[in-house]
Amino acid sequence: MFSNRRKAVLVSAAVISGALLMTACEDGDTDAGAARDSSSAAASAPASASAPVSSPASADGGESGDKGSGTTDGKTGGTDGSGVDTGNGKREPVEQSCGANDITWSTRSESQAGGYILLMAKAKSGITCYLPAALPTVAFGSDGTEAGPAEQAVGQQVKLSGGTTAYAGVNPKTTNTDAYKELDSIIVGVGNEDPNPVSLEVGTIRVDKPVVTNWHTAPADAVPFS
């Protein structure tokens, strides 16, 4: 009887051991498979799995690599508005012509060459401009008598800026006759098209066939010899 029971116990133990062994094997297989699946997933994932880093923004809301469409150097659509477009994407400075209202005017009576009026021109503060290589326009009286040329050749363009002074000599009477008119002012402009000519007091002068020199940078060159 004990023998039969012992056999039954041994059989039962063997069955239980086999079941436990099979369960352990199955659990081991499951764990190994999970490990293999994790390895495969890691291998197939992109090399950079982290979130992309955005470019830093500039102060105007664009990316730091962006540049504005305008520049301030005056060459390619500059914001300072200076210069003129030359057609090749660049801008060149403009040489501004003087107008009478850009200039501080003064006169002085001189005795050389029979007497003449020395006309002096300086640019107003902050202005740089150019007197053209042409006679100043000088007119006399209500009839607008204009001074003719005292020199045969055309002078040089004169740049006015800062303390630079340009000089022209005006001889109001070049004749030896008694025909003349007495005046006390002259009208001066930079060319015939100057929209803002100025009237300058010169004292009482006799006017007949007046002449004027070109612009010069030295007063000694502005003597109107007839």
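Just above, that's the structure.
Structural notes, computed from the coordinates.

1. Quick notes on the overall build of the protein
In step 1: The helix and strand tally for the protein stands at one helix and 13 strands.
In step 2: Start at the N end of the protein and walk to the C end: the helices and strands fall as α-β-β-β-β-β-β-β-β-β-β-β-β-β.
In step 3: Relative to its full complement of 226 residues, the protein shows a buried share of 27%.
In step 4: Within the protein, counting contacts between residues at least 6 apart in sequence, those at least 24 apart form 65% of the total.

2. Digging into the sheet that holds strand β4 (residues 116-123)
In step 1: Ordered by their spatial adjacency, five strands build an open sheet running β3-β4-β10-β13-β8, and the pairing between neighbours is mixed. Either end of the sheet is taken by a strand with one partner, and the two such strands are β3 (103-110) and β8 (148-149).
In step 2: Summarising the sheet, β3 and β4 pair through eight bridges and their orientation is antiparallel. Pairing of I103 across the sheet is with A123, part of β4.

3. Looking at the side chain of D194
In step 1: Among the secondary structure elements, D194 is positioned in the loop between β11 (181-189) and β12 (198-207).
In step 2: K124 is the oppositely charged side chain nearest to the buried, salt-bridge-free D194, at an N-O distance of 11 Å.
In step 3: Only 2.8 Å separates the side chain of D194 from the backbone nitrogen of A100, close enough to count as a polar contact.
In step 4: Among the polar contacts made by the side chain of D194, one reaches the main-chain amide nitrogen of N196 at a distance of 2.9 Å.

4. Considerations on the pattern of salt bridges
Where side chains of opposite charge bring their charged atoms close, a pairing between them can arise.
In step 1: In this structure the tally under the stated criterion is three salt bridges.
In step 2: A salt bridge links R206 to E182, with the nearest nitrogen and oxygen atoms 3.8 Å apart. One end of the pair, R206, is in strand β12; the other, E182, is in strand β11, with 24 residues separating them in the sequence.
In step 3: Here R206 falls in the partly exposed class, since its relative accessible area comes to 44%.

5. Some details on the state of the cysteines
Throughout this description, disulfide means a covalent bond between two cysteine sulfur atoms.
In step 1: Scanning the model with the defined rule gives one disulfide in all.
In step 2: Disulfide pairing places C98 opposite C129 at an S-S distance of 2.0 Å. Looking along the S-S bond of the C98-C129 disulfide, the torsion reads about 90°, which is the right-handed sense. Here C98, found in the loop between β2 (91-92) and β3, pairs with C129, found in strand β5 (residues 129-131); they are 31 residues apart in sequence, far enough to count as distant. Here C98 matches C129 in class, with each residue buried.

6. Quick word on the side chain of T213
In step 1: Within the secondary structure, T213 is located in the segment after β13 (211-212).
In step 2: One polar contact links the side chain of T213 to the main-chain amide nitrogen of G169, over a distance of 2.8 Å.
In step 3: When sequence neighbours within four positions are dropped, the list of residues in contact with T213 reads L135, P136, A150, E151, A168, G169, A222, V223 and P224.

7. Observations concerning the pairing of β11
For a regular strand, side chains alternate in direction, first toward one face of the sheet and then toward the other.
In step 1: Pairing of strand β6 (residues 137-140) with β11 involves four bridges; the strand directions are antiparallel. Looking at β11, one finds that A139 is bridged to I187.
In step 2: Relative to β12, β11 is paired through seven bridges, and the arrangement is antiparallel. Residue pairing for β12: S185 is matched across the bridge by E201.

Cut-offs and rules
Counting starts from 1 at the beginning of each chain's written sequence and moves along it residue by residue. In keeping with the predicted nature of the model, local features appear solely for residues at pLDDT of at least 70, side-chain atom pairs appear and are counted solely at 80 or more, and the whole-chain, interface and lining totals rest on all residues. Side-chain measures here rest on the full set of heavy atoms in the structure, leaving out hydrogens and waters. Helix and strand definitions here come from DSSP, where helices need a minimum of 4 consecutive H or I residues and strands a minimum of 2 consecutive E residues; each element is numbered from the N-terminal end. Using a 1.4 Å probe on the protein chains alone, a residue whose accessible area is under 20% of its type maximum counts as buried, one over 50% counts as exposed, and one in between counts as partly exposed. A contact between two residues is defined here by any heavy atoms of the two lying within 4.5 Å. Two strands form a pair only when DSSP identifies at least two bridges running between them. The sign given to each residue is positive for Lys and Arg and negative for Asp and Glu; His and the chain ends receive no count. Counted as salt bridges are all cases of a side-chain nitrogen of Lys or Arg within 4 Å of a carboxyl oxygen of Asp or Glu. Polar contact is defined as a pair of N or O atoms within 3.5 Å, subject to the rule that within protein one atom must be able to donate a hydrogen and the other to accept it, and that residues adjacent in sequence are counted only when both atoms are side-chain atoms. When two cysteine sulfur atoms are found within 2.5 Å, that pair is recorded as a disulfide.

Scope: geometric values only; no functional claims are made or implied.
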